[in-house]
Amino acid sequence: MRSPTGASAALLLAALEGRVVLAANVGLMIEYEATCSRAEHVNASGLSVAQVGVFLDALAALIVPVETHYLWRPQLRDPGDEMVLEAAVNGQARAIVTFNLRDYGVAPTKFGVDVMLPRDTLRKVQRNKG
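Here the structure is a predicted model, which is why all the values come from computation and not from measurement.

### Quick notes on the layout of surface pockets
For the largest pocket, the calculated volume is near 1,900 Å³. Together, 49 residues line the largest pocket, and L22, Y32, I96, V97 and T98 are the ones closest to its centre. Taken together, the residues that form the lining of the largest pocket break down as 29 nonpolar, 12 polar and eight charged. The volume enclosed by the second largest pocket comes to roughly 250 Å³. Together, M1, S3, P4, A9, L12, L13, L16, L47, F55, A58, L59 and L62 line the second largest pocket. Taken together, the elements giving at least two residues each to the lining of the second largest pocket come down to α1 (7–16) and α4 (49–62). Tallied by class, the residues present in the lining of the second largest pocket amount to 11 nonpolar, one polar and no charged.

### As for the packing of aromatic side chains
Throughout the structure, instances matching the rule amount to one aromatic pair. With a centroid separation of 5.0 Å and 50 degrees between ring planes, the pair formed by W72 and F111 is classed as tilted. Here W72 is found in the loop between β2 (63–65) and α5 (82–90), whereas its partner F111 is found in the loop between β3 (95–97) and β4 (114–116), with 39 residues between them in sequence. Among the residues examined, W72 registers a relative accessible area of 26% and is labelled partly exposed.

### What to know about α1
An α-helical segment advances 3.6 residues per turn. Residues three or four places apart therefore align on the same side. Buried within α1 are the following residues: A7, A9, L11, A14 and A15. G18 lies just past α1 and shows a positive phi near 80 degrees.

### A word on the side chain of N90
Structurally, N90 is set in helix α5. At 3.2 Å, the side chain of N90 and the backbone nitrogen of H69 are in polar contact. Excluding its chain neighbours within four sequence positions, the residues that come into contact with N90 are V66, E67, T68, H69, Y70 and W72.

### Some points on the pattern of salt bridges
As enumerated under the stated definition, the model contains six salt bridges in all. Residue R123 pairs with D120 through a salt bridge whose shortest N-O separation is 3.1 Å. A residue pair is termed a helical-turn pair when its members lie 3 or 4 positions apart in one helix, as R123 and D120 do in helix α6 (residues 118–128) at three residues. Judged by its relative accessible area of 28%, D120 is partly exposed. A single salt-bridge network, built from bridges that share partners, covers R77, R102 and D103.

### Some thoughts on unusual backbone geometry
Between R73 and P74 the backbone carries a cis peptide bond, its omega angle lying at -10 degrees. Of note, Q92 is a non-glycine position whose phi angle comes to about 55 degrees, a positive value. Here Q92 shows up in the loop between α5 and β3.

Criteria and thresholds
Residues numbered from 1 in each chain as written. Predicted model: local features only at pLDDT ≥ 70, side-chain atom pairs only at ≥ 80, totals over all residues. Heavy atoms only, no water. 1 Å grid on protein atoms, 1.4 Å probe; cavity = no way out; pocket = protein on both sides within 12 Å on 5 of 7 lines; lining within 4 Å. Points joined across faces, edges and corners; volume = space filled by probe spheres on them. Nonpolar A, V, L, I, M, F, W, Y, C, P; charged D, E, K, R; others polar. Helix = DSSP H or I, 4+ residues; strand = E, 2+ residues; numbered from the N terminus. Phe/Tyr/Trp six-rings, centres within 6.5 Å; stacked < 30°, edge-to-face > 60°. Buried < 20%, exposed > 50% of the residue type's maximum accessible area, 1.4 Å probe, protein only. Polar contact = N/O pair within 3.5 Å; in protein donor to acceptor, adjacent residues only side chain to side chain. Contact = heavy atoms within 4.5 Å. Salt bridge = Lys/Arg side-chain N within 4 Å of Asp/Glu carboxyl O.

Okay, here's the thing in structure tokens:
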């Protein structure tokens, strides 16, 4: 949302094209909404509040919903990241894509989930294209 030419935006386009699958549970989608609606992110994106709403609706349409059946808390040093790990594990994700690598440590690897920067994920998607 903040950088339409960045790796994260390219990954959203890859999801739109069906080359990447996005997964989230209800709690994570609510967190996305709260984060994207913060004044600092709205201002940085250059979007109006209404346009942020359209962005979030489009994001929700791309996401495969995940039901959280098992809770393994606590696994991470930041409790706010626990729902991301839960969505990834319950959604059988291969990776959590985030700028926040530090807070995840090695916990996701116990569940077979990599933690990757958007740019590294995009490179991997581009290598596998074709």
